[in-house]
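Listed here are the chains, written in short residue letters.
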Amino acid sequence: MPRNQDPPPENGTSPTELEKMQERSKGAAGLLMVSILLSRLLGFVRDRIIAHQFGQGFDTDVYNAAFSIPDLFFFLIAGGAISSAFIPVFTDYFSQNKEREAWRIFSVILVSMTILMTLLTILGFIFTPQLVALMNPGYIPNMPHSFGASLGWIVEHTLHGPLPVSQKAAQTIVLSRILLPAQICFMIGSVVIGTHNARGYFLGQAWGPIIYNFGIIFGGLVLSRYMGIAGLCWGGLLGAIAGNVVLQLFLLLKYEGRFFPQAVLKHRKHAGVKQVVRLMLPVVFGLSLPYVSTIIGRGFASDMGNGPQSAYMNANRLMQLPLGIFAQSIAMSIFPLMSALAAQGKTAELQQTVCKGVRQILFLTVPSSALMIVLALPFVQLLLQSGKFTAEDSQQTAQVLIWFCVGIFAWSAHSVLTRGFYALQETWKPVAVGTFVTILFIPLNIWLKPRMGVSGLALATSIAATVHMTSMLVLLRQRLKGLDDIVLVASCLKILLATSVTTLFCKITLEIMNTLLTYLPIHSVFLQKLLVLGVCGFVSAVTYTLFALKFRMEEFKPYRARIRKLVNRFA
């Protein structure tokens, strides 16, 4: 409950509260890892259902392309803006015991952003044909290839006659309009989840995506029987309502959240609201790589026929496994702590927190990405090859996945580095760097696409992500006057050495398993690849763990006690 009568402590958050936040961040990382793993597993069930029923061709291309407009709205407004602007300001007011003021800011932002997203959704609904043509130019016959010429061509046809669209574009327009209202739900969920996370509660963050995936699975198993591929979109809309509105508002009441309707007009010019808007503007008007790279890549793949666009998106989702389970869970769990440290001006502690977060993420994602490169084909075959999804589809997706995996370490480290700036309430630098790298990313796609096909689009993403991460590392290091550089470099060298040896053992094990499978009476592709991945994963995990123990890697300490308990339980 609000404690407005309490005087604020001299240095902001009291040591006791800060210690509680630090403990919550440790527990939250585990909770989010488990929940994101469950969400990803459900996502794989979802993707396998889609692959089995629709394969990798016209229908799945249309389904993936239908997310372009909703994704752009969400990434620029609900996703990036809220994470970069609202949470640090809300946390800042809480750290000063100004809880009533924090809830007033929340009330104004929730209503204002919901109205904004509703207006954008209406505009998106009206101009869906034009937006589909602009974001998937390969779907429109005779449209110029350059962006400026395409835009002029679309405007001319809009003013002087109907926009000529192919069957693929027409179907994409229908599905896009089903998905657009879900962005209002994501907007509401993002703001409410921000209040949960800022206070160290992560249940809403954990369960929202799980419920959303259940919605799409329901659409694939039930609704698609009557509606075809559109059933997936209706299921996603139901999942968005349940997971991002119903659940989050219920948790808001449970966690004693406050909503002040009278504050919406009375406090619309509140200093905290102005601060949120000021921090949001760079994100809204920027073209930041993490938010639009997938949309741009999907657009470049739209003229490559039926299949490559779906292969690009399937590989991208598979690449998100280590990125989501490890990088996002750790980054989200320590973000409130970083915001609290920044609010108190504790630069040294913030340095250590950022450095530790980056090291912890690299410790988990570098070996994961290396193993995914080696095991790309059996990984895709296990998760997707079924029904209409053929062996050729698996080969195509695996090739794209390999080049996506090259950049996993960069995307992972970026998730913490960017939040370091957000915690300092400085959003211009991350978005400026993101915009610059995105401008570089577009010609990189143009150059690599004719040379490597759809795999080149994935490589372009990895190269751009590496440039982006490096730039953010340099800038944040300058801003914080260091990042425990010696410790960071030493950890990276140990991680690279351990990963190299582990990858070698994994590759040898894979060759042995492929040879053994020729003698085993196992005909199911799913069981074959499950056995291969199980054995290779076990050998790799044991190898990496032994090296972590041998090198006394500090990043392994949080897991050592858990492994010991697990061993003792079965001993």
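So, here's what we can say about the structure. Because the structure is a prediction, the values reported are computed rather than measured.

Looking at the overall build of the chain
Each helix and strand counted, the chain has 23 helices and 0 strands in total. Within the chain, buried positions represent 57% of all 571 residues. Pairs at least 24 residues apart make up 83% of the contacts formed inside the chain by residues separated by at least 6 positions. By element, 67% of the accessible surface of the chain is carried by carbon and sulfur atoms, the whole surface being about 24400 Å².

Quick word on the pattern of salt bridges
According to the stated counting rule, one finds 10 salt bridges in the structure shown. A salt bridge links Glu 554 to Arg 359; the nearest nitrogen and oxygen atoms lie 3.9 Å apart. You can see Glu 554 sitting in the loop between helix H22 (525-550) and helix H23 (557-570) and its partner Arg 359 sitting in helix H15 (residues 347-374), a full 195 residues away along the chain. Through salt bridges that share partners, Arg 46, Asp 47 and Arg 317 make up one connected network.

Here we look at the nonpolar core
Within the largest apolar cluster, 163 residues are counted, with the highest numbers of intra-cluster contacts made by Phe 106, Val 354, Phe 363, Phe 379 and Leu 401. Looking at this core element by element, the count peaks at 19 residues for helix H14 (residues 308-343). Setting aside anything within four residues of it in sequence, one finds Phe 106 in contact with Phe 86, Phe 90, Val 191, Val 192, Thr 195, Leu 252, Arg 258 and Phe 259.

What to know about the side chain of Gln 344
With respect to the helices and strands, Gln 344 occurs in the loop between H14 and H15. A distance of 3.3 Å separates the side chain of Gln 344 from the side chain of Lys 346, its partner in a polar contact.

Here's the deal with the layout of surface pockets
Empty space within the largest pocket amounts to approximately 1400 Å³. Lining the largest pocket are 35 residues, and of these Phe 326, Ser 368, Leu 371, Gly 537 and Ala 541 lie nearest its centre. Elements represented by at least two residues in the lining of the largest pocket include exactly helix H1 (15-54), H14, H15, helix H16 (376-384), H22 and H23. The element contributing the most residues to the lining of the largest pocket is H22, with 11 residues. Of the residues belonging to the lining of the largest pocket, the class tally is 28 nonpolar, 5 polar and 2 charged.

Here's the deal with unusual backbone geometry
Notably, Asn 97 is not glycine yet its phi reads approximately 60°, a positive angle. Take Asn 97: its relative accessible area is 11%, and that puts it in the buried class. Even without glycine at this site, Gln 425 takes up a positive phi of about 60°. Judged by relative accessible area, which is 16%, Gln 425 ranks as buried.

Parameters and conventions
- Residues numbered from 1 in each chain as written.
- Predicted model: local features only at pLDDT ≥ 70, side-chain atom pairs only at ≥ 80, totals over all residues.
- Heavy atoms only, no water.
- Helix = DSSP H or I, 4+ residues; strand = E, 2+ residues; numbered from the N terminus.
- Buried < 20%, exposed > 50% of the residue type's maximum accessible area, 1.4 Å probe, protein only.
- Contact = heavy atoms within 4.5 Å.
- Areas by Shrake-Rupley, 256 points an atom, 1.4 Å probe, with all protein chains shown as cover.
- Salt bridge = Lys/Arg side-chain N within 4 Å of Asp/Glu carboxyl O.
- Core = buried A, V, L, I, M, F, W, Y, C linked by side-chain atoms within 4.5 Å.
- Polar contact = N/O pair within 3.5 Å; in protein donor to acceptor, adjacent residues only side chain to side chain.
- 1 Å grid on protein atoms, 1.4 Å probe; cavity = no way out; pocket = protein on both sides within 12 Å on 5 of 7 lines; lining within 4 Å.
- Points joined across faces, edges and corners; volume = space filled by probe spheres on them.
- Nonpolar A, V, L, I, M, F, W, Y, C, P; charged D, E, K, R; others polar.

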